[in-house]
4 protein chains.
Amino acid sequence: MSFNTFGHLFRVTTFGESHGVALGCVVDGCPPRIPLTAQDIQAELDRRRPGQSRFTTQRQEPDAVKILSGVFRDEDSGQDVTTGTPIALLIENVDQRSKDYSAIRDKYRPGHAGYTYDVKYGLHDYRGGGRASARETAARVAAGAIARKVVPGLVVRGALVQMGPHRIDRANWDWDEVARNPFFCPDAKAAKFFEDYLDGVRKAGSSIGAVIEIVAEGVPAGLGAPVYAKLDAELAGALMGINAVKGVEIGDGFAAASLSGEDNADEMRVGNDGRPRFLSNHAGGILGGIATGQPVVARFAVKPTSSILAPRKTVTRHGEEADVVTTGRHDPCVGIRAVPVGEAMVACVIADHYLRHRGQVGDSAAWPFSKPKA
Amino acid sequence: MSFNTFGHLFRVTTFGESHGVALGCVVDGCPPRIPLTAQDIQAELDRRRPGQSRFTTQRQEPDAVKILSGVFRDEDSGQDVTTGTPIALLIENVDQRSKDYSAIRDKYRPGHAGYTYDVKYGLHDYRGGGRASARETAARVAAGAIARKVVPGLVVRGALVQMGPHRIDRANWDWDEVARNPFFCPDAKAAKFFEDYLDGVRKAGSSIGAVIEIVAEGVPAGLGAPVYAKLDAELAGALMGINAVKGVEIGDGFAAASLSGEDNADEMRVGNDGRPRFLSNHAGGILGGIATGQPVVARFAVKPTSSILAPRKTVTRHGEEADVVTTGRHDPCVGIRAVPVGEAMVACVIADHYLRHRGQVGDSAAWPFSKPKA
Amino acid sequence: MSFNTFGHLFRVTTFGESHGVALGCVVDGCPPRIPLTAQDIQAELDRRRPGQSRFTTQRQEPDAVKILSGVFRDEDSGQDVTTGTPIALLIENVDQRSKDYSAIRDKYRPGHAGYTYDVKYGLHDYRGGGRASARETAARVAAGAIARKVVPGLVVRGALVQMGPHRIDRANWDWDEVARNPFFCPDAKAAKFFEDYLDGVRKAGSSIGAVIEIVAEGVPAGLGAPVYAKLDAELAGALMGINAVKGVEIGDGFAAASLSGEDNADEMRVGNDGRPRFLSNHAGGILGGIATGQPVVARFAVKPTSSILAPRKTVTRHGEEADVVTTGRHDPCVGIRAVPVGEAMVACVIADHYLRHRGQVGDSAAWPFSKPKA
Amino acid sequence: MSFNTFGHLFRVTTFGESHGVALGCVVDGCPPRIPLTAQDIQAELDRRRPGQSRFTTQRQEPDAVKILSGVFRDEDSGQDVTTGTPIALLIENVDQRSKDYSAIRDKYRPGHAGYTYDVKYGLHDYRGGGRASARETAARVAAGAIARKVVPGLVVRGALVQMGPHRIDRANWDWDEVARNPFFCPDAKAAKFFEDYLDGVRKAGSSIGAVIEIVAEGVPAGLGAPVYAKLDAELAGALMGINAVKGVEIGDGFAAASLSGEDNADEMRVGNDGRPRFLSNHAGGILGGIATGQPVVARFAVKPTSSILAPRKTVTRHGEEADVVTTGRHDPCVGIRAVPVGEAMVACVIADHYLRHRGQVGDSAAWPFSKPKA
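A short tour of the structure in this document, coming up. (Residues numbered from 1 in each chain as written. Chains lettered and ligands numbered in written order. Predicted model: local features only at pLDDT ≥ 70, side-chain atom pairs only at ≥ 80, totals over all residues. Heavy atoms only, no water.)

With that settled, the discussion passes to the state of the cysteines. Here is the idea: a disulfide is a covalent bond, and it sits between the sulfur atoms of two cysteines. Residues and elements named next belong to chain D. This model, assessed by the stated rule, comprises zero disulfides over all chains. Here Cys30 stays free of any disulfide, with the sulfur of Cys348 as its closest cysteine sulfur at 10 Å. Cys333 forms no disulfide, and the closest cysteine sulfur to it belongs to Cys185, at a distance of 11 Å. You can call Cys333 buried: its relative accessible area is 1%. (Disulfide = S-S within 2.5 Å. Buried < 20%, exposed > 50% of the residue type's maximum accessible area, 1.4 Å probe, protein only.)

See the structure below:
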């Protein structure tokens with residue numbers, strides 16, 4: 001994991017600023033002969049795209065993706081497939097209203113990265129958050145669309161499970177509901193509540209945090225590795241690396257601290273297919289850093305955006321004290337659009353581990369692992 | 001981050017199993033001319049060492065560290081110093097009672113990595129948890145002792161802030177108290193309570209989880225980097241990679257999801273020294289993946305160990321169903337000894353970022369970042 | 001060094017095929033506040049650009065580079081400078097005459113990568129060599145233009161020193177001559193000879209190899225590192241990784257095998273400035289993998305291109321035997337345009353080591369290294 | 001490739017100084033369930049071990065290797081096998097006559113790394129060359145012994161093909177001869193000559209260079225990758241990284257510069273088994289950075305050691321001019337013992353690429369690559 005590259009064998013390098021010419025990524029190490037079209041990627045980008053409801057920034061960006069390389073027509077199948085060489089994806093910026101930001105160009109927004117970028121680099125592209133903008137996550141979603149195709153049978157889905165202090169009722173969980181409301185919320189009743197709640201936040205010029213849950217099904221048992229390439233460790237790094245994320249959990253997460261060993265144990269039996277099965281999933285599908293074959297479950301907490309109408313005390317890059325108010329286009333709850341981003345990051349981590357596992361081990365061991373005792 | 005290597009410029013590669021000949025690590029990339037003796041490392045190892053109270057495993061391991069390479073006498077100062085070449089550290093295993101584990105050799109403990117290691121590799125050293133044993137973390141602590149010396153002025157301290165469902169009272173926080181009780185607990189009153197509480201857990205042959213907090217002071221502003229080398233992302237990966245950890249938070253963590261943008265904002269003023277100062281630290285010392293100069297605050301949740309006396313349903317590696325009971329020496333609350341391990345991981349991440357920052361940027365930018373406006 | 005990424009701290013990721021939409025690269029890890037314009041990069045690209053004499057392919061490509069990200073206006077200086085975030089460079093393909101290749105689409109050219117790409121990936125973009133085309137090296141030259149700016153005082157120059165069996169006369173070496181002939185040849189007399197010689201090769205529809213020498217001056221003593229990050233090892237990897245290169249030498253290279261220890265020794269004295277100086281440079285500026293401060297000297301051998309008019313025996317991707325003749329636009333001596341590419345690779349390696357050295361060591365040690373003895 | 005780690009998926013990290021406590025390595029990423037004993041490794045170490053003839057240093061080192069981790073008894077087969085976790089290997093130093101070096105402790109040997117280590121790090125372990133000693137290569141040979149077992153069917157052999165200016169007669173090449181003389185020379189007649197020749201060099205207190213050739217058979221077609229992970233590029237880096245190496249060639253190497261495209265073409269036919277076969281191997285088994293399936297052929301040039309009896313002009317680390325004479329135990333031709341080291345590096349590179357290829361691609365494409373045309 002270097003500065004702007006993510007992954008080891010399935011490697012994603014992203015570039016671009018919020019109000020620059022374009023942003024994009026280079027996906028290196030993708031296996032060859034995987035059918036891939038721009039439309040496959042566009043479909044995922046459209047889920048993250050801003051301006052689709054009144055609850056996200058009104059910036060109008062088509063986020064139209066172009067494949068620049070790494071895909072070629074397969075003579076035998078007649079399909080466009082990956083070639084094993086780098087897949088470069090380009091998304092041009094269209095709706096850059098840089099004037100929106102001129103008023104706050106020199107003033108640091110408390111809770112925003114402008115100050116730390118300047119400490120580190122001495123300057124930064126302040127327009128729309130520049131490199132620190134959530135706009136960079138479009139490149140992640142694009143890469144994730146490819147990652148999803150790398151692991152046969154993998155299904156990665158995400159949902160908003162908490163907005164501000166309000167948690168959904170997990171008894172109402174319905175994956176189909178996620179696509180039906182502007183919050184990626186699996187609980188229809190909660191979604192209805194969030195509509196009013198977030199309108200209030202939005203109209204007040206305020207912002208609010210959220211908690212997102214990602215569930216990956218079809219993760220082959222055996223993916224991951226001790227000791228510093230643990231599947232959960234790399235998921236935690238990937239999710240914490242999303243803009244505004246402040247906490248990550250796997251399985252029972254922080255609640256596991258309160259459990260006894262008896263309650264935390266995911267007991268095992270032999271299933272009808274003769275293979276091991278688990279009677280519960282406190283572990284969130286990962287033991288010792290390696291996938292058990294159960295669904296991998298991760299959650300992450302997103303802080304409220306720093307772009308708010310209420311004046312906050314700050315300093316300028318010239319060394320003066322000031323008050324700052326943010327009036328541009330923004331998301332009252334950036335956690336919402338983090339759902340497809342979280343899915344993409346999880347998909348990328350799993351695709352990377354899929355290739356790394358195949359590299360080191362080839363096929364996982366056959367069950368049972370030892371000959372039955374005489 | 002490869003399978004058993006951690007870090008980019010300050011790189012730690014660990015090896016060894018719980019009941020093998022020895023364990024240890026190779027620290028590569030350490031700057032030269034840093035005074036270093038085995039005693040510096042031993043002091044940290046002694047904090048993690050088992051058998052120091054009735055609340056940790058009774059295995060007796062001196063954990064005596066030997067420096068095999070990378071340190072040499074400096075002619076001018078007469079001190080032993082790092083040479084810039086790899087520092088190999090060796091800790092021999094002494095008290096391996098492998099017979100303790102023979103009864104459970106073929107049965108998977110629910111919640112333990114034995115099953116997933118076998119899925120992945122087809123076999124594993126089952127004695128004492130083998131490579132998945134918390135014993136591996138001795139190597140991390142040893143490496144952390146070196147990391148602490150790499151960053152001038154860095155102080156990394158940890159504390160247990162929750163055991164089972166019981167949280168400490170943060171109003172009682174006293175860093176000096178941490179060394180006075182067997183729980184690394186900064187709240188003397190809570191420590192007293194934990195003594196009775198954990199005795200109950202221990203006598204019942206059960207186990208319990210915990211939450212640990214690590215605070216790093218003296219982290220230079222500017223360390224870290226967008227987008228995939230974020231300081232918080234790498235801390236999250238490092239801490240989630242510690243055995244039994246299921247959740248990681250930075251600053252306000254999951255609580256930030258419930259905050260409004262107004263409440264989450266760490267406002268800024270110009271301090272008496274003319275430099276920016278923050279009026280609060282919801283961010284835990286990190287904005288946009290880059291250190292603000294405030295204390296870096298991270299927490300992680302440790303699940304209860306799977307080694308318990310109560311029988312649990314499981315399967316064997318031969319494919320049969322069975323019940324398993326764990327009778328060997330174990331920690332009723334593995335979270336306790338995770339405190340120095342968490343400190344070590346945080347120190348390693350910061351040392352690595354210190355070198356990476358110096359590599360890319362040299363010195364951080366001078367304040368103020370632009371000439372004051374005329 | 002991953003599949004399509006080069007370097008550790010100064011990292012270059014390239015993408016693109018010869019006849020695709022575009023090619024380019026992402027330069028990550030570049031220090032901030034380095035003045036950089038598209039013209040700086042274009043100047044280097046123009047030296048590698050095809051179609052500038054009858055001795056290189058007649059493909060007409062302007063190789064116009066666009067900077068997509070990572071550069072921003074510095075408020076104080078009014079200059080465009082690097083921001084420390086990824087610099088994405090895009091070069092669109094313009095003159096793709098893909099029909100030129102249709103006749104040979106299924107037949108492997110002996111000595112060309114088409115066969116091995118198909119073995120590995122099952123298919124490849126065969127148009128103009130696809131990813132294996134020398135056209136990919138434009139991205140390297142672009143990255144090298146940035147690398148040159150990273151190391152203060154660094155000057156990297158290259159020259160063709162052998163074409164076919166004909167070596168230049170080193171007594172005639174004149175760096176100024178390099179820009180005056182179409183061969184990057186520092187020996188005016190040899191250049192005159194090469195003109196006739198290569199015309200003969202070209203008209204015969206044949207091709208010929210070459211040897212290129214790169215000299216880097218201003219490489220700070222201390223760059224490089226034992227044991228697997230040796231400056232010479234990474235230069236060797238970088239230069240051998242250029243298309244068609246079959247051999248690499250540092251300093252005296254293969255001739256050193258014939259030397260005695262006495263003759264190979266670069267003796268040392270104290271110079272007028274009180275610092276060590278060397279009386280010769282058999283080592284090519286590198287000892288133990290670390291720069292001595294003398295000029296770094298590397299040479300590499302380029303094989304003749306496989307695109308020739310003479311029919312060669314081959315097989316098709318359908319499994320049949322065939323003869324193949326290559327009639328498209330090609331370079332009779334691809335070694336010529338390898339000169340700026342070799343310079344770029346050397347510049348990238350040195351820039352990377354400059355940052356890595358600064359990361360691990362900070363400043364090199366002060367001379368003398370120990371206090372003079374009393 | 002970091003400072004002291006080599007490889008991506010098959011990763012070798014070495015440590016240790018010539019006269020320190022011990023040296024060794026950690027091999028990470030090795031596939032599980034490969035039978036491995038210390039004796040397998042010892043057999044390779046014994047080929048490199050010093051003191052076996054009057055033509056190598058008289059230092060007596062048993063180079064006895066211990067496996068510290070990563071190997072465990074397989075219950076079903078009763079064999080010791082790799083577990084997939086890090087394999088740590090330890091070789092204790094025994095015959096450290098450090099007094100031999102005290103006379104030259106402050107004086108730099110021209111052509112030796114002592115000066116550059118001091119420039120970089122400010123000090124170094126000067127005893128016996130410290131980290132820069134050829135003794136470090138024992139760890140590489142040990143790792144190579146494991147690498148050889150990773151790739152089914154791989155055979156890597158090396159031979160000395162030139163000593164000083166004297167080349168062997170390739171018509172006399174007999175692999176069996178290599179083990180029969182102290183020079184790893186495949187030409188019995190040349191070996192006889194080298195005996196007298198090197199005795200002369202040795203008695204004169206001088207030293208001489210050599211050229212070594214490594215041939216790897218059984219390298220699966222398809223290993224390697226564009227653009228910066230080329231098999232030849234990584235072989236070049238690996239071989240140039242061996243102590244005292246100044247040049248590396250693949251296949252025809254520098255001689256390819258003199259060839260025409262017609263002569264360089266390795267023509268292809270369909271073999272009796274229906275698969276492609278090559279009529280020659282100018283390419284040395286690699287096209288476009290990817291293995292063709294032919295033997296991989298590499299050569300490297302080793303300079304004469306700097307440890308000679310003739311006085312040379314130098315400076316001291318205190319800043320004074322001096323003359324230096326080296327009187328300790330040394331190899332008159334270090335190239336000899338570089339043969340098993342070169343084999344080991346080639347084996348490690350191929351093992352790494354074997355795993356990386358399997359990771360990205362799984363199985364190579366089936367021949368023919370497209371359906372035969374109707």
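Next, the rest of the story.
Take unusual backbone geometry next. With an omega dihedral of -10°, the bond running from A:Pro226 to A:Val227 counts as a cis peptide bond. Inspection of the secondary structure puts A:Val227 in the loop between β10 (210–217) and α5 (231–240). A cis amide bond links C:Trp367 with the next residue in sequence, C:Pro368, at an omega value of -5°. Position of C:Pro368 among the secondary structure elements: in the segment after α7 (338–361). Even without being a glycine, B:Asp63 presents a positive backbone phi close to 50°. Inspection of the secondary structure puts B:Asp63 in the loop between α1 (38–48) and β4 (65–67). (Helix = DSSP H or I, 4+ residues; strand = E, 2+ residues; numbered from the N terminus.)

The next point concerns the relation of the copies chain B and chain C. A rotation about some axis, followed by a shift along it, carries one copy of the chain onto the other. Structural alignment of chain B on chain C gives an RMSD of 0.0 Å, achieved by rotating through 180° and translating 0.0 Å along the axis. Here the transformation between the copies is reduced to the relation of a two-fold axis. Relative to the rotation axis, the C-alpha of B:Gly359 is the closest in chain B, positioned 1.9 Å from it. Of all interface residues in chain B, 100% are interface residues in chain C too; the two copies therefore contact each other through one and the same surface. (Least-squares fit on C-alpha atoms with pLDDT ≥ 70 in both. Contact = heavy atoms within 4.5 Å.)

When chain A is fitted to chain B, the best match, at an RMSD of 0.0 Å, comes from turning it 180° and sliding it 0.0 Å along the axis. The overlap is high: 100% of the interface residues of chain A also sit at the interface in chain B, so the same surface is used on both sides.

Another aspect to go through is the interface of chain B and chain C. Contacts between chain B and chain C engage 20 residues on the former and 20 residues on the latter. In total, about 1600 Å² of surface goes out of reach between chain B and chain C, with carbon and sulfur atoms giving 46% of it. On the chain B side of the contact with chain C, B:Asp76, B:Arg358 and B:Gln360 bury the most area, a combined 34% of that side's loss. The tally of links between chain B and chain C comes to zero salt bridges. When its residues are assigned to classes, the side of chain B that touches chain C shows eight nonpolar, six polar and six charged. (Buried area = accessible area lost by both parts, 1.4 Å probe. Salt bridge = Lys/Arg side-chain N within 4 Å of Asp/Glu carboxyl O. Nonpolar A, V, L, I, M, F, W, Y, C, P; charged D, E, K, R; others polar.)

Before going further, it helps to examine the packing of α5(A) against helix α7 (residues 338–361) of chain A. All names here are of chain A. Viewed as axis vectors pointing N to C, α5 and α7 meet at an angle of 145°, and their least axial separation amounts to 9 Å. Crossing hand, α5 versus α7: right-handed. Mapping the contact onto sequence places Leu231, Glu234, Leu235, Ala238 and Leu239 in α5 and Gly342, Met345, Val346, Val349, Asp352, His353 and Arg356 in α7. Per-class residue counts for the contact of α5 with α7 are seven nonpolar, two polar and three charged. (Axes fitted to C-alpha atoms, helices over the stretch in contact; angles between N-to-C directions. Left-handed = near helix turned anticlockwise from the far one by under 90°.)

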